[in-house]
Amino acid sequence: MTAKASPNALPRPSGPGAPSILDLSNDEIERLVAGMGEPAFRSRQLWRSLYKDAARSFDEMTTLARSLRSSLAESFTIDPLTTVMSLDSKDGSTTKALFRLPDGELIETVLMRYERDGHRRPRRTVCISTQAGCALGCTFCATGQQGFSRQLSAGEIIAQVLHAVRVARAEDAISSRSGGVPWPVPVSNVVFMGMGEPLANYDNTIEAIRRLNDPQGTGIGARRVTVSTVGLPPQIIRLAAEPFQVNLAVSLHAPDDETRSQTMPVNRRYPIASLLDACKTYVARTNRRVFFEYVLLDGQNDAPEQAHKLGRLLKGILCHVNLIPVNPTAHGPYRRPGTRRTAAFRSALQGYGVPSTVRMEKGIDINAGCGQLRARAVNQHG
Ligand code: SAH
Ligand code: SF4
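Residues numbered from 1 in each chain as written. Chains lettered and ligands numbered in written order. Predicted model: local features only at pLDDT ≥ 70, side-chain atom pairs only at ≥ 80, totals over all residues. Heavy atoms only, no water.

**Q** What should I look at first to understand the nonpolar core in this one?
**A** Burial of nonpolar side chains together is a common tendency in soluble globular proteins. Residues I21, L46, L50, V190, F192, F292 and L314 are the most contacted members of the largest nonpolar core, which totals 95 residues. Considering every element that reaches this core, the biggest residue donor is helix α4 (residues 154–177), with eight residues. Three or more residues apiece are contributed to this core by two domains, here domain 1 (21–75) and domain 2 (82–381). Sequence-distant contacts of F192, defined by excluding residues within four places in its chain, comprise I128, T130, I157, P198, T205, I209, L212, V225, T226, V227 and S228. (Core = buried A, V, L, I, M, F, W, Y, C linked by side-chain atoms within 4.5 Å. Buried < 20%, exposed > 50% of the residue type's maximum accessible area, 1.4 Å probe, protein only. Helix = DSSP H or I, 4+ residues; strand = E, 2+ residues; numbered from the N terminus. Domains from an automatic or database assignment. Contact = heavy atoms within 4.5 Å.)

**Q** I would appreciate a short explanation of the site of ligand 2 in the present structure.
**A** With respect to spatial proximity, nine residues lie near ligand 2, and among them C134, C138, C141, G144 and V230 are the closest. Residues belonging to the shell around ligand 2 are distributed by class as follows: five nonpolar, four polar and no charged. (Near = heavy atom within 4 Å. Nonpolar A, V, L, I, M, F, W, Y, C, P; charged D, E, K, R; others polar.)

**Q** Please clarify how the pattern of salt bridges should be interpreted in this entry.
**A** Oppositely charged side chains may form a pair once their charged atoms are brought near each other. As enumerated under the stated definition, the model contains 16 salt bridges in all. A salt bridge links R238 to D203, with the nearest nitrogen and oxygen atoms 3.2 Å apart. Taken together, the residues span a long stretch of sequence, with R238 in helix α6 (residues 233–240) and D203 in helix α5 (residues 202–213) at a distance of 35 residues. Looking at R238, the relative accessible area reads 45%, which means it is partly exposed. (Salt bridge = Lys/Arg side-chain N within 4 Å of Asp/Glu carboxyl O.)

**Q** I would appreciate a short explanation of the packing of aromatic side chains in the present structure.
**A** How two aromatic rings sit relative to each other is set out by the distance from centre to centre and by the angle between their planes. Under the counting rule described, the total for this entry stands at two aromatic pairs. Ring geometry for W47 and Y51: centres 4.5 Å apart, planes at 45°, overall tilted. Separated by four residues within a single helix, W47 and Y51 lie in helix α2 (residues 40–51), roughly one turn from each other. Residue W47 shares its accessibility class with Y51, and that shared class is buried. Look at Y294 and F345: their rings are 5.1 Å apart centre to centre, the planes differ by 40°, and that puts the pair in the tilted class. Of the two residues, Y294 is situated in strand β10 (residues 290–296) and F345 in helix α11 (residues 339–350); the sequence distance between them amounts to 51 residues. We note that Y294, like F345, is buried. (Phe/Tyr/Trp six-rings, centres within 6.5 Å; stacked < 30°, edge-to-face > 60°.)

Remember that the coordinates give geometry; whether it matters functionally is a separate question.
Listed below in structure tokens is the structure:
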């Protein structure tokens, strides 16, 4: 938390260096507004303007008195993100944005659009980052290859979703002017699968989820939120005790310690047995299935005997496996397996009663993968 929310200690003057109000918690906003001599309901209005309306300037908050708006604007900015680049895939389904944070760090966010599919409603999913860089160094991952810079604040995490909501609303407005039917909600799903390890930035990730979930906030239900982790057992156990029930995706990527340690250094600290113990505890405490992610690396972890090993390992666990042909990165030596090899892997798993899906990917042409922000059609979360 950067800003202290008392009227006398109002932070630096507004401008490029002013703090973002998104870095204030609900309590801090209440204290700030009370300190300005305003009634309590004003703080709720401000909260709704920020998180429900996704306002980008205090001027837009017409429910608030002009004097309050201008006092806020003197001390705070709202959006900590400056768009450096935005790329659309040819089919228009995917937009990848590169944002600069106030201290110059760069992060990526991907917005994926899924048209109506049979009985499934159309939906938009946003893939967000929780750290600038990542310390965990997985060898197939573009972020891991860049090293760790810093944690994102809760405000910087949720700002990525608010940005997507604004983009989505603008699209819906254009489409309705030409007679189109607007999508049911601007953004329906959020996946923590961008840069960084969410559970290594635990408190800020949880605070961002709380605001996402808040019906007075962004209002995206926990069941439509997926947190992907490299597999940190203590934090998985902690997550099981949180009051909301998000989907948990665990990056497994190998059926034995030797193979996993070759690509995921974290495995030396937390080998597969300890990770699976934590996953079983998570399932027992939450009654929810775990999604295992398994990036297929041609010739490394995709052989039939490895599929059988994985089947034996996961048999009986309430889970679903997402098989993801790797997105080759600039520096990595990895290739995707062919479709036949991928299908064989899947059917071997089936033999153990372990359900799996091969992830269809979006935005390959704009490198939305970039080894990292690759689109996942999170079918079962729609
Ligand atoms: N740090 C978390 C979340 C971010 S990465 C985690 O590791 O789970 C999100 C997912 O993308 C993880 O499953 C990760 O292993 C996977 N991933 C990383 N690089 C990839 C690549 N080049 N191709 C396909 N998936 C990749
Ligand atoms: Fe970090 Fe996840 Fe990339 Fe591994 S895969 S380096 S944990 S972001």
